[in-house]
Amino acid sequence: MVDNNKESTSTVRVKSMIEKNRQKQSFRSIGEKAVPNLLLGIAMISILTTIGIVFVLISETFEFFNRVSIVEFFTGTVLRPLSQDPKFGILPLINGTIISSVIAMVVAGPIGMMTAIYLSEYASDKARRVLKPVLELLAGIPTIVYGFFAFTFVTPFLRQFIPEMSATNILAPGLVMGVMIIPMIASLSEDAMNSVPNAMREGALALGSTKLEVTFKVIIPAAFSGIVAAFVLGISRAVGETMIVAIASGSSKNFTFDITQSMQTMTAYVVEVAGGDASRGSTIYYSLYAVAMTLFVFTLLMNILARYIARRFREEY
Amino acid sequence: MATHMTSERIQKRMKRRVALNKGLSGVFLLATTFGVFVLGVLFYQIITEGIPYINLDFLTGKLSTNAERAGIMGAILGTLWLMAVVIPVTIILGVGTAIYNELYAKQGKLQTIIQTNIANLSGVPSIVYGILGMTIFANLLNLGSVVLAGGLTMSLLVLPIVIVSSQEALRAVPSYLSEASIGLGATKWQTIKNIILPAALPGILTGSILALSRAIGETAPLVVLGIPALLLPFPGGLFDRFTVLPMQIYYWTLDASLVEEYQFLASATIIVLLVMLFILNGTAIVIRNKFQRRY
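Residues numbered from 1 in each chain as written. Chains lettered and ligands numbered in written order. Predicted model: local features only at pLDDT ≥ 70, side-chain atom pairs only at ≥ 80, totals over all residues. Heavy atoms only, no water.

Digging into the overall build of chain B
The test is simple: Comment: elements are numbered from the N terminus, with helices defined as DSSP H or I runs of at least four residues and strands as E runs of at least two. As defined in this context, the radius of gyration uses C-alpha atoms, and a globule is described by 2.2 Å times the residue total to the power 0.38. For every residue, the accessible area (1.4 Å probe, protein chains only) is compared with the maximum for its type, and the residue is labelled buried under 20%, exposed over 50%, or partly exposed between those bounds. In what follows, a contact means two residues having at least one pair of non-hydrogen atoms within 4.5 Å. None of His or the chain ends enter the tally, which takes Lys and Arg as positive and Asp and Glu as negative. Taken as the charge centre is NZ of Lys, CZ of Arg, CG of Asp or CD of Glu, depending on the residue.
The number of helices and strands found in chain B is eleven helices and zero strands. For chain B, the sequential pattern of α-helices and β-strands runs α-α-α-α-α-α-α-α-α-α-α. Scaling as 2.2 N^0.38, a compact globule of 295 residues should have a C-alpha radius of gyration of about 19 Å, whereas chain B reaches 26 Å, well beyond that. With the principal axes as the frame, chain B shows a C-alpha extent of 90 × 65 × 35 Å. Taken across its 295 residues, chain B has 51% of its residues classed as buried. Across chain B, every contact between residues at least 6 apart in sequence was considered, and the portion connecting residues at least 24 apart equals 77%. Positive and negative side-chain charges in chain B, numbering 20 and 12 respectively, have mean positions lying 20 Å apart.

Some points on the UniProt feature "transmembrane region" (unreviewed entry) in chain A
All names here are of chain A. Here is the rule we go by: UniProt positions are given in the numbering used here, feature names are shortened, and annotations may be inferred rather than shown by experiment.
Per the UniProt record, "transmembrane region" (unreviewed entry) is annotated on residues 38-58, 90-113, 134-158, 170-193, 214-235 and 284-306. Taken end to end, residues 90-113 comprises 96% helix and 0% strand; its first and last C-alpha atoms sit 33 Å apart. For residues 170-193, the end-to-end C-alpha separation is 33 Å, with 96% helix and 0% strand making up the annotated structure.

Details of the pattern of salt bridges
Residues and elements named next belong to chain A. We apply this condition: Salt bridge, as used here: a side-chain nitrogen of Lys or Arg that lies within 4 Å of a carboxyl oxygen of Asp or Glu.
For the structure shown, the criterion picks out ten salt bridges over all chains. In this structure, Lys87 engages Asp85 in a salt bridge whose closest nitrogen and oxygen atoms are separated by 3.5 Å. Residue classification places Lys87 among the partly exposed residues on the basis of a relative accessible area of 30%. What you see here is one network of salt bridges that share partners, running through Arg80, Asp85 and Lys87.

Regarding the environment of Arg307 of chain A
Note the threshold: By the criterion applied in these results, polar contacts are pairs of N or O atoms within 3.5 Å in which, for protein atoms, one can donate a hydrogen and the other can accept it, and in which residues neighboring in sequence qualify only through two side-chain atoms.
Within the secondary structure layout, Arg307 of chain A lies in helix H12 (residues 283-312). Placed 48 residues apart in sequence, Arg307 of chain A and Ile259 of chain A show a C-alpha to C-alpha distance of 32 Å. Setting aside residues up to four positions removed in sequence, Arg307 of chain A forms contacts with Thr116, Ala119 and Asn120 of chain B. Of the polar contacts made by the side chain of Arg307 of chain A, one reaches the side chain of Asn120 of chain B; its length is 2.9 Å.

Some points on the confidence of the model for chain A
Heads up, the rule is: Each residue gets a pLDDT score, which is the predictor's confidence in that residue and runs from 0 to 100.
When pLDDT is averaged along chain A, the result is 88; 95% of the residues meet or exceed 70. Of all helices and strands in chain A, the one with the weakest mean pLDDT is helix H1 (residues 2-67) of chain A (81), whereas helix H3 (residues 91-122) of chain A scores best (95).

Some points on a nonpolar patch on the surface
Residue and element names in this part refer to chain B. Basically, it comes down to this: Here a patch means residues that are over 30% exposed by relative accessible area and free of salt bridges, tied together within 9 Å if like-charged and within 5 Å if nonpolar (Val, Leu, Ile, Met, Phe, Trp, Tyr). Accessible areas in this description were obtained via Shrake-Rupley with a 1.4 Å probe; residue shielding takes into account the shown protein chains only.
The grouping of Met5, Ile10, Met14 and Val18 at the surface amounts to a nonpolar patch, some 340 Å² of accessible area in total. Mapped onto the elements, Val18 comes out in helix H1 (residues 7-50). Judged by its relative accessible area of 43%, Val18 falls in the partly exposed class.

A few points about the confidence of the model for chain B
The predicted model of chain B averages 88 in pLDDT, with 96% of residues at 70 or higher. For chain B, the element scoring lowest by mean pLDDT is helix H2 (residues 56-60) of chain B, at 82; helix H6 (residues 147-171) of chain B scores highest, at 94.

So, empty space enclosed by the protein
Residues and elements named next belong to chain B. Quick reminder of the rule: The way it works is a 1 Å grid over only the protein atoms, where trapped points that fit a 1.4 Å probe form a cavity and open points with protein on both sides within 12 Å along at least five of seven lines form a pocket, and then any residue with an atom within 4 Å of a point lines it. Grid points are joined across faces, edges and corners, and a volume is the space filled by probe spheres set on the points. When residues are sorted by character, Ala, Val, Leu, Ile, Met, Phe, Trp, Tyr, Cys and Pro go into the nonpolar class, Asp, Glu, Lys and Arg into the charged class, and all the rest, Gly among them, into the polar class.
Taken as a whole and assessed by the stated rule, the structure comprises one cavity of 30 Å³ or more. Put simply, the largest cavity is a space of about 110 Å³. Lining the largest cavity are 15 residues, with Leu63, Gly74, Ala75, Leu232 and Thr243 positioned closest to its centre. For the lining of the largest cavity, a count of residues per class yields nine nonpolar, four polar and two charged.

Notes on the packing of helix H7 (residues 175-183) of chain B against helix H8 (residues 188-217) of chain B
Residue and element names in this part refer to chain B. What counts here: Orientation is described by axes fitted as lines to C-alpha atoms, over the contacting stretch for helices, and by angles from 0 to 180 degrees between their N-to-C directions. Roughly parallel means an angle under 35 degrees; roughly antiparallel means over 145; roughly perpendicular covers 65 to 115; every other angle is labelled oblique. Crossing handedness is defined as follows: a turn of the near helix away from the far one that is anticlockwise and smaller than a right angle gives a left-handed crossing, while the clockwise case is right-handed.
Two elements in contact, H7 and H8, have axes separated by 10 Å at closest approach and are oriented at 130°. With respect to H8, the axis of H7 lies oblique. The element H7 and its partner H8 pack so that their crossing is right-handed. Here H7 contributes Leu177, Ser178, Ser181 and Ile182 to the contact with H8, which in turn contributes Lys188, Thr191, Ile195 and Ile196. Its residues assigned to classes, the contact of H7 with H8 shows four nonpolar, three polar and one charged.

Focus: the packing of helix H5 (residues 143-159) of chain A against helix H11 (residues 260-291) of chain B
Close contact between H5 of chain A and H11 of chain B brings their axes to 11 Å; oriented N to C, the two are set at 150°. As judged from the angle between their axes, H5 of chain A and H11 of chain B are roughly antiparallel. Of the two possible hands of crossing, H5 of chain A and H11 of chain B adopt the one that is left-handed. Counting all contacts with H5 of chain A, which are made through Val145, Phe148 and Thr152 of chain A, the residues of H11 of chain B involved are Gln263, Ala266, Ser267 and Ile270 of chain B. Classifying every residue of the contact of H5 of chain A with H11 of chain B gives four nonpolar, three polar and no charged.

Comments concerning the nonpolar core
Defined as follows: In this description, a nonpolar core means a group of buried Ala, Val, Leu, Ile, Met, Phe, Trp, Tyr and Cys residues linked to one another through side-chain atoms lying within 4.5 Å.
Among the nonpolar cores identified, the biggest contains 155 residues, and Ile53, Leu57 and Tyr289 of chain A together with Tyr250 of chain B are the most heavily contacted of them. Once residues lying within four places of it in the same chain are set aside, the contact partners of Ile53 of chain A are Phe296 of chain A together with Leu121, Val124, Val128, Tyr129 and Leu132 of chain B. Counting residues in each nonpolar core, the second largest holds 24 residues, with Ala43 of chain A together with Ile192, Ala199 and Ile204 of chain B among its members.

Section: the domain arrangement of chain B
Residue and element names in this part refer to chain B. Let me state the cut-off plainly: A domain assignment, automatic or from a database, supplies the domain bounds used here. Once two parts are put together, the accessible area they lose, assessed with a 1.4 Å probe and summed over both, is termed the buried area.
Considered domain by domain, chain B is made up of domain 1 (7-53) and domain 2 (57-291). Placing the centre of domain 1 and that of domain 2 at their C-alpha centroids yields a distance of 36 Å. Taken together, both faces of the contact between domain 1 and domain 2 bury some 810 Å²; the carbon and sulfur share is 71%. For domain 1, the biggest contributors to the area lost against domain 2 are Ile46, Glu49 and Tyr53; these three give 73% of the whole. Taken together, domain 1 and domain 2 are joined by zero salt bridges. Our count for the domain 1 to domain 2 interface comes out at three residue pairs in polar contact (both at pLDDT 80 or more). The residue makeup of the side of domain 1 that touches domain 2, split by class, is five nonpolar, two polar and one charged.

A closer look at the interface of chain B and chain A
With 74 residues of chain B at the interface, the matching set in chain A holds 69 residues. Here chain B and chain A share an interface that buries about 6300 Å² over both sides, 78% of which is from carbon and sulfur atoms. For the pair chain B and chain A, the interface holds one salt bridge. A salt bridge links Arg17 of chain B to Glu213 of chain A, with the shortest nitrogen-to-oxygen separation between them at 2.6 Å. There are 13 residue pairs in polar contact (both at pLDDT 80 or more) connecting chain B and chain A.

Put into structure tokens, the structure is as follows:
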């Protein structure tokens, strides 16, 4: 009897333990099912962000084109949003954006490329260990600091040589923007050149080429798609750069090609209008969205193009 | 011997080729050091201008229209408040998205869409995020230009960085670790929580810190959001209006053409901002070197 009792209590115990375990497991399996859904919800936030950007830009731009004709906007060379007889032509802004980006790429293209060549083909391990962190440092400096530098150092410096240069001009921020983009072009191009297999390098060297010939006749052609993609991303970065031009290139909306004078880029226009007191609902307020939309579409296309080039024209070894 | 290539000509050509190689390698080195040179000039200017203005009163004082008495405590606190929003939001959203993409999502359309979308988002200019933040957070939700609106805007801006670096960290965890865990009877979530995440933590932290330093250096989205140049009281909560160090630099730089002293105040503020960034990045490097285990 006593033994029996003992046994029954222990069975009860085992049973209850199994029961408990089951409960725990079912609790667990609820968790197992809930977690992926929860994470999916979180992952959707980034998609929601894109939808938000596109929706906001499109709906407000639509309102803008109700007030200003789309043809006038894209073909107008006069931009004077604040005058009695406001005109909203975006061409002065596009002109300023293109000119500042070209200046930046004239600096960043060759220097970034040569830096990549040096780091990938010539530098000793020791030199690379010192130089790469410095370039990363250059890439990590906030753009506002570059803007300050362009405005308070580069412009006064250039004015010693070009006295007729105005205190805000497109040249200084363009040059500084170039310096800012060097690390990006250098590291992306270096990645592309590094991924060319060593066998090709050694093969060319064994045939008696100098390092220079190896670089220009073997490595660069093989890494060409990656290098082009790096340049396209650099341009996209220059087009979207804001604070350097907002500080150092002024707010003149003249349609001009004189790089010693003030010009406004699309980004700087957004900063000026949004930072000012454009009352919500005014045409000038909506022009913000039309300009931002143009900027968004342009940089998006460049980024897609860069990815397409990198993938489509990659040489496989 | 009328052939084109005499050994003499080959010798000559060779000399030229070797000389060209040597000469251009010098040019390449020079180009590489150009960035270093500019960095040196930049630091020299900022330090010589700014250091004399850095003292306890400047660091702990309130903003003032009087350049002599102006302090940046408000901007420092604002930057810290901004970090207080950005850190939890980006880590939850960024790591969550990374776990889903890397470990749960089935190879297929949805995963491709999410990945492409993240790649596209990382190329969107920061000022466009500012417009999104102004329209949605400040106007639509009627928050105004408060800490929460600024923090959420910045979080969305740096989210792609956190996602991409977290995904890389998760991918680097070798599969035998998770296979062993599953083999011992652990469920998928238990494996992720107890095995994969701890192993990927250093990589995730490094990426998050780098994203954070991007967030506290950004200016453009906050200008669009409408952070004023006014003398604001110190921010004390999520719904207070605020300013941050980069905004202070921006306004003082703009005013430098009126009063020269503002330029030196801007330099001093840049030093404070750069010191903060160096501390953050230094931490990231230490974490990367100390805790990164190679499998």
